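Here is what each chain is made of, one letter per residue.
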Amino acid sequence: GRTEEALRRARRILDFADVLGISSDQVRWAWPLAARSAFELGNVTEVGGLLDMLDAQPPGYLAPMLRAERDLVRIRLAARSGGQAAASFAQIIIGLREESTPYHLAHGLLDQAEHLTGNGDADAAAGAIGEAREIAGRLRCQPLTDRAARIEAQLSSARVAQ
């Protein structure tokens, strides 16, 4: 719930990416947090700068998790600007399953559920929310559970409106 602080702290870690290494554990966890926080704050300029940071890396330097997270951020931006992203989200979820952590996968599933809810695909959205809830339960991660509940409420409202 302290998104600005999360972004500020994650950026402080990313300031040391050259010293720590772009694929160090600290950077692999800070970059997705910074990107998600910037996105939630509506700071598209910051999101673009974070993407540029990864895009500037030589081939082979990015950990698979960072590549998967970068792809997720790109599809979120495309979906935000009104692009049809359903098939792309499905591909991103496959990448997250293979290359990322359960925590990051759950966030990706919830991103997908938000997109599907906005596009009227209630059944697929419910499936993504259910899987994310299951992961949140295994991780005992209340923020993920809370986010799933918010999206589920949006889905219920969308179903009622139909």
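See the structure printed just above.
About the criteria used
Residues numbered from 1 in each chain as written. Predicted model: local features only at pLDDT ≥ 70, side-chain atom pairs only at ≥ 80, totals over all residues. Heavy atoms only, no water. Patch = residues over 30% accessible without salt bridge, like charges linked within 9 Å, V, L, I, M, F, W, Y side chains within 5 Å. Areas by Shrake-Rupley, 256 points an atom, 1.4 Å probe, with all protein chains shown as cover. Salt bridge = Lys/Arg side-chain N within 4 Å of Asp/Glu carboxyl O. Helix = DSSP H or I, 4+ residues; strand = E, 2+ residues; numbered from the N terminus. Core = buried A, V, L, I, M, F, W, Y, C linked by side-chain atoms within 4.5 Å. Buried < 20%, exposed > 50% of the residue type's maximum accessible area, 1.4 Å probe, protein only. Contact = heavy atoms within 4.5 Å. 1 Å grid on protein atoms, 1.4 Å probe; cavity = no way out; pocket = protein on both sides within 12 Å on 5 of 7 lines; lining within 4 Å. Points joined across faces, edges and corners; volume = space filled by probe spheres on them. Nonpolar A, V, L, I, M, F, W, Y, C, P; charged D, E, K, R; others polar. Polar contact = N/O pair within 3.5 Å; in protein donor to acceptor, adjacent residues only side chain to side chain.

*Asks:* Describe a nonpolar patch on the surface, naming the residues involved and giving the relevant values.
*Replies:* Taken together, I13, F16, V19 and L20 make up a surface patch of nonpolar side chains, about 380 Å² in accessible area. Tracing the backbone shows F16 in the loop between α1 (3-14) and α2 (17-20).

*Asks:* Residue-level account of the nonpolar core, with values.
*Replies:* The biggest cluster of nonpolar side chains holds 25 residues, and the ones touching the most others in it are L96, L109, L110 and I129. Among the secondary structure elements, those contributing two or more residues to this core are α5 (64-80), α6 (86-99), α7 (102-118), α8 (122-139) and α9 (142-161). If you tally residues by element for this core, the top one is α8, at 7 residues. I129 has contacts with L110, A113, A148, I151, E152 and L155, leaving out every residue within four places of it along the chain. A10, A30, A34 and L54 belong to the second largest nonpolar core, which has 20 residues in total.

*Asks:* Mind laying out empty space enclosed by the protein, listing which residues take part and the relevant values?
*Replies:* Within this structure, the stated rule accounts for 2 cavities of 30 Å³ or more. Size it by volume and the largest cavity reaches roughly 50 Å³. Lining the largest cavity we find W31, P32, A35, R36, E69, L72, V73 and R76. Counting residues per element, the ones that place at least two in the lining of the largest cavity are α3 (25-40) and α5. Of the residues in the lining of the largest cavity, the class split is 5 nonpolar, no polar and 3 charged.

*Asks:* Could you give an account of the pattern of salt bridges, naming the residues involved and the relevant values?
*Replies:* As enumerated under the stated definition, the model contains 13 salt bridges in all. A salt bridge links D25 to R28, with the nearest nitrogen and oxygen atoms 2.0 Å apart. In this pair, D25 and R28 both sit in helix α3, 3 residues apart, roughly one turn of the helix. Given the relative accessible area of 48%, D25 is considered partly exposed. Among the residues examined, R28 registers a relative accessible area of 21% and is labelled partly exposed. Note that R70 is salt-bridged to D55, the shortest N-O span being 3.5 Å. Separated by 15 residues along the polypeptide, R70 in helix α5 and D55 in helix α4 (residues 44-55) bring together distant segments of the chain. Given a relative accessible area of 14%, R70 falls into the buried group. D55 gets classed as partly exposed once you look at its relative accessible area, which sits at 38%. Several salt bridges share partner residues, and in doing so they unite R36, R76, D111, E114 and R147 into one network.

*Asks:* Please provide a residue-by-residue account of the side chain of E5, values included.
*Replies:* Among the secondary structure elements, E5 is positioned in helix α1. Side chain to side chain, E5 and R9 meet in a polar contact 2.9 Å long.

*Asks:* Could you give an account of the layout of surface pockets, with specific residues and numbers?
*Replies:* Computed from the structure, the largest pocket encloses a volume of approximately 680 Å³. Surrounding the largest pocket, 24 residues form its lining, G1, R36, E40, H107 and P143 being those nearest its centre. Secondary structure elements with two or more residues in the lining of the largest pocket: α1, α3, α5, α7 and α9.

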